[in-house]
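# Fold and contact review
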Amino acid sequence: MYVCLCNGVTDNQIKSAVQDGATTMRELYQETEAGSQCGKCCKHVKSILNEELLQL
Ligand code: FES
């Protein structure tokens, strides 16, 4: 499912980035560019990040 429509980033890409070591929004942005344009997805991206970090 697309989370960041501006950059075409899916929830699976965000989860993979966390599994590859991203632990902050900045690191996720560097990996996927999610949230780099309109910013509307940031809240959703952050909640996926937090969920994934809890599962590590
Ligand atoms: Fe992610 Fe616009 S939807 S920056």
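Below you will find a few notes about this structure. In this text the structure is predicted, and so the values were computed from the model without any measurement.

About the cut-offs
- Residues numbered from 1 in each chain as written.
- Predicted model: local features only at pLDDT ≥ 70, side-chain atom pairs only at ≥ 80, totals over all residues.
- Heavy atoms only, no water.
- Core = buried A, V, L, I, M, F, W, Y, C linked by side-chain atoms within 4.5 Å.
- Buried < 20%, exposed > 50% of the residue type's maximum accessible area, 1.4 Å probe, protein only.
- Helix = DSSP H or I, 4+ residues; strand = E, 2+ residues; numbered from the N terminus.
- Contact = heavy atoms within 4.5 Å.
- Expected span 1.5 Å × (residues − 1).
- Arc of directions from axis to C-beta.
- Lys, Arg positive; Asp, Glu negative; His and termini not counted.
- Salt bridge = Lys/Arg side-chain N within 4 Å of Asp/Glu carboxyl O.

## Some remarks on the nonpolar core
General note: in soluble globular proteins, nonpolar side chains tend to be found buried as a group. The biggest cluster of nonpolar side chains holds 13 residues, and the ones touching the most others in it are Val3, Ile14, Leu28 and Val45. Of all the secondary-structure elements, those providing two or more residues to this core are strand 1 (2–4), helix 1 (11–19) and helix 3 (42–55). For Leu28, the residues in contact, after removing those within four places along its chain, are Ile14, Ala17, Val18, Ala22, Glu33, Val45 and Leu49.

## Examining helix 3
Under the 1.5 Å per step criterion, the end-to-end length of helix 3 is 20 Å for 14 residues, consistent within 8% with the ideal 20 Å. Taken as a whole, helix 3 has its buried residues at Val45, Ile48, Leu49 and Glu52. Down the axis of helix 3, the buried set is contained in an arc of 105 degrees. They therefore lie on one face. Exposed side of helix 3, more than 90 degrees from the buried face: Lys43 and Leu54 are the residues found there. Those residues of helix 3 that are buried lie in contact with strand 1, helix 1 and helix 2 (25–32).

## Quick look at the side chain of Glu52
If you trace the backbone, Glu52 turns up in helix 3. Lys15 provides the closest opposite charge to the buried, unpaired Glu52, separated from it by 4.6 Å. Aside from chain neighbours lying at most four places away, what touches Glu52 is Lys15, Val18 and Gln19.

## A short note on the side chain of Thr10
Relative to the elements of secondary structure, Thr10 occurs in strand 2 (residues 9–10). In contact with Thr10, not counting residues within four places along its chain, are Met1, Tyr2 and Val3.

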